[in-house]
Amino acid sequence: MEGVDHLAHERNKSEFDVDAMKIVWAGSPHAFDVSDRISKLVASDPGFRKDNRSTLSRKELFKNTLRKAAYAWKTIVDLRLSEEEAAKLRFYVDEPAFTDLHWGMFIPAIKGQGTEEQQQKWLPLAYKMQIIGCYAQTELGHGSNVQGLETTATFDSQTDEFIIHSPTLTSSKWWPGGLGKVATHAIAYARLIVGGREHGVHGFIVQLRSLEDHSPLLGITVGDIGMKFGNGAYNTMDNGVLQFDHVLDVYSIAFASIAVMLWVSQVTCEGKYKQSDVPRQLVYGTMVYVRQTIVADASCALSRAVCIATRYSAVRRQFGSQNGGPETQVIDYKTQQSRLFPLLASAYAFRFIGEWLKWLYADVTQRLQANDFSTLPEAHACTAGLKSLTTTATADGIEECRKLCGGHGYLCSSGLPELFAVYVPACTYEGDNTVLLLQVARFLMKTVSQLGSRLSSKKPVGTIAYMTRVEHLMQCRCGVQRGFAELSADLVEAAVAHCQLIVVSKFIEKLQQEIPGKGVKQQLEVLCNIYALFLLHKHQGDFLSTGCITPKHAALANDELRSLYSQVRPNAIALVDAFNYTDHYLGSILGCYDGNVYPKLYEAAWKDPLNESVVPDGYHLYIRPLLKQEIRTARL
Ligand SMILES: CCCCC/C=C\C/C=C\C/C=C\C/C=C\C/C=C/C(=O)SCCNC(=O)CCNC(=O)[C@H](O)C(C)(C)COP(=O)(O)OP(=O)(O)OC[C@H]1O[C@@H](n2cnc3c(N)ncnc32)[C@H](O)[C@@H]1OP(=O)(O)O
Ligand SMILES: Cc1cc2nc3c(=O)[nH]c(=O)nc-3n(C[C@H](O)[C@H](O)[C@H](O)COP(=O)(O)OP(=O)(O)OC[C@H]3O[C@@H](n4cnc5c(N)ncnc54)[C@H](O)[C@@H]3O)c2cc1C
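Residues numbered from 1 in each chain as written. Chains lettered and ligands numbered in written order. Predicted model: local features only at pLDDT ≥ 70, side-chain atom pairs only at ≥ 80, totals over all residues. Heavy atoms only, no water.

### Remarks on the overall build of the chain
Put simply, the test is: A run of H or I in DSSP becomes a helix once it reaches four residues, and a run of E becomes a strand once it reaches two; helices and strands are each numbered from the N terminus. As a reference, a globule follows 2.2 Å times the number of residues to the power 0.38, and the radius of gyration itself is taken over C-alpha atoms. Three exposure classes are used, based on accessible area relative to the maximum for each residue type with a 1.4 Å probe and protein chains only: buried under 20%, partly exposed in between, and exposed over 50%. Note on definitions: a residue-residue contact is assigned when non-hydrogen atoms from the two residues lie within 4.5 Å. We get accessible surface area from the Shrake-Rupley algorithm with a probe of 1.4 Å; when it comes to residues, only the shown protein chains can shield them.
For the chain, the helix and strand inventory stands at 22 helices and eleven strands. A compact globule built from 636 residues would reach a C-alpha radius of gyration of about 26 Å, and the chain, at 27 Å, matches this within 12%. For the chain, the C-alpha atoms occupy an extent of roughly 90 × 75 × 65 Å along the three principal directions. Going through the 636 residues of the chain one by one, you find that 53% of them count as buried. Summarising the internal contacts of the chain: among those between residues at least 6 apart in sequence, 74% fall at separations of at least 24. As displayed, the chain has an accessible area near 29,100 Å², and 57% of this comes from carbon and sulfur atoms.

Structure below.
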């Protein structure tokens, strides 16, 4: 029945202050206020409805996304929302679109790598959306190997301009979000050539389309790369293909530095290339920034799936009826708990590692501005490794949540198939997860060779086993005289272990902070122990082989896990309520707040276009002849 809270009995079991946990999850009272207000604003506005997406064709879907993006911008302007509120609004609109790349990459790239002059020229236009940008790095032939990019940018000292060119088919830019049909400008990465000499990959701001009629400029061939995984999902995004045919960057020498996107290098008015004495890796700065935001996004995506699966697991009853009484809630089965609760713990763990990574990025950015590059390698390794670890775990976790919901998890109305389809490319974009782990492995090898066996003593006591595991895995690999490539599969495992150590240690450090609210810290301690012991159980081979735990320890850990699951059980619904997601944002009948699942599932079924007619289109042409044996049977 509408208006009845079918999960009230679950909420009454809670042993902690849910409102206080909401603040912990949001990060601060202010952050909670902004999230709560904006999510409700979006949920209450029919202009942001998203329950019809699965019935639209790609062109209708894309046009609807453009409408929503324009409507969101109008809302932001009309309500005079702050940058923080506007970002939250785009988040809760929950539709992959060109705006993700404009605000999530194009603007950060200019802010992070542009000179003062470049920022003054481009940021005001971008902030007012008078230009729409994309980040065009990947090419048809190269994505991971940035140094393999083929697009060229040749400085013409005669005309004081840069000529951007795609010399081969494989140099076509391929994948940039927003490029296909919308972006007017791109930050295009190309090999800089000055005076016949090549100076490696640099970023260039290039105009792609006319600001008058949106037609591609002279020498620009641009379009969409076609349908992607999952029917609706990420197809709201126009990932594009782009070829340059000797495109003149229209900026005269006076603005030449505006075209070359980097404060780490300049082309002077005399046409000379001037490399600053900063690490060339700063050209990768935007990727580092986005990787740390993707870690925070992982906690959002995983918590969304866990919220759906937890609420549905409390609603669903199957077997176990005693004397005609109610059947057993599937959330009470130990197998359901052993699959679901580690994901609940991971959602909280990723939230806190995302907070720490945001601090680390801000710290390294501040140091860079003072020409202190000492922590850049660690920042790169952490952002790369944690992006890899959290997105892999989140993509796998969303799929597990779908399976935890049985058959109904496979319905679009559960919200889980689309959530998976939109989320899973996170394991690839911003760096293929394996390629990024190789970067971490490389960092560990260098650290071990510089520091000897002890990788770091700066970890909380509770992580000794985790630290020993990493050191042992590295020693086993570094000890033998075989090349990095030969050992890379093993080194990647050590890289994962290192990242898991970081997540566990930062969760423990989080618990050492002042955390207000009745029972809140106790609940987080339970979740932290579940996260740590679940990984120890999952990778117990590593821990046993390093000798840092005995088989008896492993058995005790498993017993403790079961006990911890029992402690979470009465609080599970309250722990997912703490995410404070609206039903609109969840987009899931299985995860609706009131748990009134069956009537909503039944009602939703009849809204499917297939049920617009009782007799299906095609019956008279195909089925009736079949049933009436009017189809000439093939000679046997
Ligand atoms: C739409 C809905 C999505 C929602 C998303 C939610 C949140 C995100 C918010 C905003 C973003 C919006 C949308 C995000 C979605 C999609 C956008 C996707 C965009 C992209 O995919 S952009 C393209 C990304 N491409 C990559 O990541 C390429 C991966 N490859 C690399 O990074 C490098 O090529 C490499 C693998 C690191 C190799 O580097 P390379 O120079 O070739 O060789 P090496 O010898 O290995 O390195 C040399 C040296 O440099 C160090 N290094 C490498 N990288 C870095 C770095 N980034 N920072 C600092 N240092 C770096 C390396 O360690 C070596 O150092 P040594 O001392 O060992 O020499
Ligand atoms: C949805 C989506 C959105 C995207 N948006 C953008 C965007 O806006 N802008 C942009 O520039 N790009 C974008 N990309 C491109 C993305 O950044 C690349 O696809 C990504 O960096 C992976 O590179 P690749 O495709 O070349 O993969 P590859 O490197 O070709 O990976 C193929 C396989 O090779 C393996 N491999 C590659 N190199 C090595 C190695 N050295 N050692 C061991 N194994 C290796 C990988 O692990 C993987 O298994 C997007 C991609 C997707 C899917």
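### Let's talk about the UniProt feature "active site" (unreviewed entry) in the chain
Operational definition: UniProt positions are given in the numbering used here, feature names are shortened, and annotations may be inferred rather than shown by experiment.
This chain's UniProt record puts "active site" (unreviewed entry) on Glu430. By the element assignment, Glu430 lies in the loop between helix H12 (416-423) and helix H13 (433-451).

### Some remarks on the site of ligand 1
Going by this rule: We define proximity as follows: a residue is near a molecule or strand when any one of its heavy atoms falls within 4 Å of that partner. Polar contacts, as counted here, are pairs of nitrogen or oxygen atoms within 3.5 Å of one another; within protein the pair requires one atom able to donate a hydrogen and one able to accept it, and residues that are adjacent in sequence qualify only if both atoms are side-chain atoms.
Near ligand 1 there are 32 residues, and of these Ser144, Gln281, Tyr284, Arg291 and Lys446 occur at the shortest range. One nitrogen or oxygen atom from the main chain of Val146 is found 3.4 Å from an oxygen atom belonging to ligand 1. In the model, an oxygen atom of ligand 1 is placed 2.8 Å from a nitrogen or oxygen of the Arg291 side chain. Summarising the interface, the protein chains cover 81% of the accessible area of ligand 1, which totals 1,400 Å² for the free molecule.

### What to know about the nonpolar core
Threshold: Remark: nonpolar core denotes a set of buried residues (Ala, Val, Leu, Ile, Met, Phe, Trp, Tyr, Cys) joined through side-chain atoms within 4.5 Å.
Formed by 125 residues in total, the largest nonpolar core has its most connected members in Leu344, Tyr348, Leu386 and Leu524. Not counting chain neighbours up to four residues away, the residues in contact with Tyr348 comprise Met21, Trp25, Phe507, Leu524, Leu527, Leu575, Ala578 and Phe579. In this structure, Val146, Val182, Met237 and Ile294 belong to the second largest nonpolar core, which totals 30 residues.

### Examining the sheet that holds strand E7 (residues 220-224)
Rules: For two strands to count as paired, DSSP must find a minimum of two bridges between them.
Pairing is antiparallel across the open sheet formed by three strands, whose spatial order is E4-E8-E7. The strands lining the two open edges of the sheet, one partner per strand, are strand E4 (173-174) and E7. Two elements, E4 and strand E8 (residues 240-244), share two bridges in a ladder whose sense is antiparallel. For Lys173, the partnering residue across the bridge sits in E8 and is Leu242.

### Let's talk about the packing of helix H15 (residues 484-511) against helix H16 (residues 520-538)
How we decide: Working convention: axes come from line fits to C-alpha atoms, limited for helices to the stretch in contact. Angles between N-to-C directions cover 0 to 180 degrees. To sort the angles, those under 35 degrees are grouped as roughly parallel, those over 145 as roughly antiparallel, those from 65 to 115 as roughly perpendicular, and the leftovers as oblique. The crossing is said to be left-handed when, going from far helix to near helix, the turn is anticlockwise and less than a right angle, and right-handed when the turn is clockwise. The residue classification treats Ala, Val, Leu, Ile, Met, Phe, Trp, Tyr, Cys and Pro as nonpolar and Asp, Glu, Lys and Arg as charged. All others, Gly included, are polar.
One way to put it is that H15 packs onto H16 with a least axis distance of 10 Å and a crossing angle of 165°. One finds that H15 runs roughly antiparallel with respect to H16. For the element pair H15 and H16, the recorded crossing hand is left-handed. Each of Gln500, Val503, Val504, Phe507, Ile508 and Leu511 in H15 lies in contact with H16, whose residues at this interface are Lys521, Leu524, Glu525, Leu527, Cys528, Tyr531, Ala532 and Leu535. Taken together, the residues of the contact of H15 with H16 break down into eleven nonpolar, one polar and two charged.

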